Amino acid sequence: MTAAHLDVVDQSLAAERSGDAARALELHASVPAFKKRSRHNLMLTQLASLDDELPDWVWARWIAYQTTRCEEPKTETGTMQRLALKYAVEAFHEDQLADCHADGGDPIRVFAGVASESWVFHQLFVHELGGLERFVDELATGRLAEHAALARSWVGTRIGGYQLAESRPGGRVRVRDVAADADVEVLDLGAAASAGVGAWVLGRLVPSGVDGLLMFDTPPVVVPESLARDVARAAEPWKQVKAALDEGTIAERTFMREDHELVTDVLAIDLLRLGTRPADLDRVTAQLRTGRDEISRAAFRILRRAADGVLDESEASHLAAAVLQPDARADARRMLVRERQHDIWARWAALVHDPARALLLDFADWSRAAA
């Protein structure tokens, strides 16, 4: 990239760290080297489309996400990030590094992949190594700093092992806390809908700022029951994760996730599965890999099923994730929202949380206005 492009990147980072997603997106998208459909670009597009609809828990997740992306060596956060990344690669992703050396590849690509996709690295740096608190103190400005109180309340929370149970009325999901040997109701953002009811997961329950409920700081990762129980009960939980990797109880790729969701716990790829006919799934998935926007198309099909009254209420979390896709939402507003549908959209809105709730209520209001 040219010096001018690097300056634009710096401006984009500054805009993001001030909480201005729209300006950050405008600048980021203007750099030719960045793919228009990169994960970061899509995330900024989603945040910018929501604007004032962001609840504090999304701001907190956005702060944590930005923490993982801070690489500037002239900042304390960036220095910490590099040290944490080196540790994560050498301790938890050494197989990737060994394969890279064996194949004569570029180790930088391994480090970049881990920094972008490793759930382990994100958890270690953001929480255990203090990256979140350091980033807020050092780099958050403007609206981002104004919305940092909830993120600060996440500092010091412990990683744990949980079993996901069924969704409950009022947008809650029951979770079995292994360490406490008790059930707890948490904010239902779709973790059970995505991972599956009964799944065992590793995650971190943090304050959500909604009705006194806890939530997962990021979508949890599915693991064997034995590992979930070991992590929950261990004085040093990360030693249990390391031991499971060394013993082959769990594969390293389990902790590598291309999807990184802020406004939902439903992974984008799950929208593709729900919103695509089984006979078409292989073809549509292949088209997704070529760069075609199949996620928005699948999200629109889910919204259409809701409008037609054929989507089951158990899929409320998927519907919420679908309406949070900007292109799908715009297409639905144009083609699906019709008169005498107010009750349909209002009923769905009652099952989910903001920001999806506000968007579905907008559909209900538009439907009433069209009558």
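Above this text you will find the structure in question.
All of these numbers come straight from a predicted model, not from anything done at the bench.

1. Brief notes about the overall build of the protein chain
- In terms of regular secondary structure, the protein chain is built from 21 helices and 7 strands.
- The C-alpha atoms of the protein chain give 21 Å as radius of gyration, which agrees with the globular expectation for 371 residues (21 Å, within 12%).
- In terms of its C-alpha atoms, the protein chain occupies a principal-axis envelope of roughly 60 × 55 × 45 Å.
- Of all 371 residues assigned to the protein chain, the portion counted as buried reaches 51%.
- In the form shown here, the protein chain has an accessible surface area of approximately 16,900 Å², with 50% of it arising from carbon and sulfur atoms.

2. Some details on helix α8 (residues 119–128)
- Buried residues dominate α8, accounting for 9 of its 10 residues.
- Buried within α8 are the following residues: W119, V120, F121, H122, Q123, L124, F125, V126 and H127.
- In this structure S118 caps α8, since a side-chain oxygen of it lies 3.3 Å from the backbone nitrogen of V120.
- At the C-terminal side of α8, G130 shows a positive phi close to 80°.

3. Some words on the packing of helix α7 (residues 107–117) against α8
- One way to put it is that α7 packs onto α8 with a least axis distance of 6 Å and a crossing angle of 70°. By the angle between their directions, the pair α7 and α8 is classed as roughly perpendicular. Contacts between α7 and α8 involve V114, A115, S116 and E117 from the former and W119, F121 and H122 from the latter.
- Here the contact of α7 with α8 is composed, by residue class, of 4 nonpolar, 2 polar and 1 charged.

4. Here's the deal with the layout of surface pockets
- When its volume is computed, the second largest pocket comes out at roughly 360 Å³.
- Residue lining of the second largest pocket: 28 residues in total, with S167, D188, A316, S317 and L351 positioned closest to the centre.
- Those elements giving two or more residues to the lining of the second largest pocket turn out to be β1 (160–168), α12 (191–195) and α18 (316–323).
- The class makeup of the residues in the lining of the second largest pocket is 14 nonpolar, 8 polar and 6 charged.

5. A short note on the nonpolar core
- If you look at the biggest cluster of nonpolar residues, it comprises 72 residues, and the most contacted ones within it are L47, W62, L303, W345 and L360.
- Apart from residues no more than four positions distant in its own chain, W62 is found in contact with E16, G19, D20, A21, L44, L47, L144 and L262.
- Counting residues in each nonpolar core, the second largest holds 21 residues, with V120, V241, L245 and F255 among its members.

6. Some words on the packing of aromatic side chains
- Taken as a whole and judged by the stated rule, the model has 9 aromatic pairs.
- Relative to F363, the ring of W345 has its centre 5.0 Å away and its plane inclined at 80°; by these criteria the two rings are edge-to-face. Taken together, the residues span a long stretch of sequence, with W345 in helix α20 (residues 342–349) and F363 in helix α21 (residues 356–370) at a distance of 18 residues.
- Ring plane angle 35° and centroid distance 5.8 Å describe the contact between F363 and W366, whose orientation is recorded as tilted. Separated by 3 residues within a single helix, F363 and W366 lie in helix α21, roughly one turn from each other.

7. Remarks on α18
- Burial runs high along α18: 8 of the 8 residues are buried.
- Taken residue by residue, α18 has A316, S317, H318, L319, A320, A321, A322 and V323 as its buried positions.

8. Let's talk about the pairing of strand β2 (residues 172–177)
- Here β2 shows one buried face, formed by V173, V175 and D177, and one open face, formed by R172, R174 and R176.
- One ladder, built from 5 bridges, connects β1 with β2; its direction is antiparallel. Paired with S167 across the bridge in β2 is V173.
- Two successive antiparallel strands, β1 and β2, enclose a turn made up of 3 residues, where G170 displays a positive phi of approximately 85°.

9. Re unusual backbone geometry
- Between D354 and the following residue, P355, the backbone shows a cis peptide bond with an omega angle of 10°.
- Considering the arrangement of structural elements, one finds P355 in the loop between α20 and α21.
- One non-glycine residue, D181, adopts positive backbone phi at about 50°.
- Tracing the backbone shows D181 in the loop between β2 and β3 (182–187).
- The phi dihedral of D211 is positive, around 55°, even though this residue is not glycine.

10. A look at the side chain of E252
- Mapping E252 onto the fold places it in the loop between α14 (237–247) and α15 (268–274).
- No salt bridge is formed by the buried E252, whose closest oppositely charged neighbour, R253, lies at an N-O distance of 8.4 Å.
- In terms of polar contacts, E252 uses its side chain to reach the side chain of H93, at 2.8 Å.
- The contact partners of E252, leaving out residues within four places of it in the chain, are F92, H93, D95, Q96 and L245.

The rules behind these values
Residues numbered from 1 in each chain as written. Predicted model: local features only at pLDDT ≥ 70, side-chain atom pairs only at ≥ 80, totals over all residues. Heavy atoms only, no water. Helix = DSSP H or I, 4+ residues; strand = E, 2+ residues; numbered from the N terminus. Rg over C-alpha atoms; globule rule 2.2 N^0.38 Å. Buried < 20%, exposed > 50% of the residue type's maximum accessible area, 1.4 Å probe, protein only. Areas by Shrake-Rupley, 256 points an atom, 1.4 Å probe, with all protein chains shown as cover. Polar contact = N/O pair within 3.5 Å; in protein donor to acceptor, adjacent residues only side chain to side chain. Axes fitted to C-alpha atoms, helices over the stretch in contact; angles between N-to-C directions. Parallel < 35°, antiparallel > 145°, perpendicular 65-115°, else oblique. Contact = heavy atoms within 4.5 Å. Nonpolar A, V, L, I, M, F, W, Y, C, P; charged D, E, K, R; others polar. 1 Å grid on protein atoms, 1.4 Å probe; cavity = no way out; pocket = protein on both sides within 12 Å on 5 of 7 lines; lining within 4 Å. Points joined across faces, edges and corners; volume = space filled by probe spheres on them. Core = buried A, V, L, I, M, F, W, Y, C linked by side-chain atoms within 4.5 Å. Phe/Tyr/Trp six-rings, centres within 6.5 Å; stacked < 30°, edge-to-face > 60°. Pairing = 2+ DSSP bridges. Lys, Arg positive; Asp, Glu negative; His and termini not counted. Salt bridge = Lys/Arg side-chain N within 4 Å of Asp/Glu carboxyl O.

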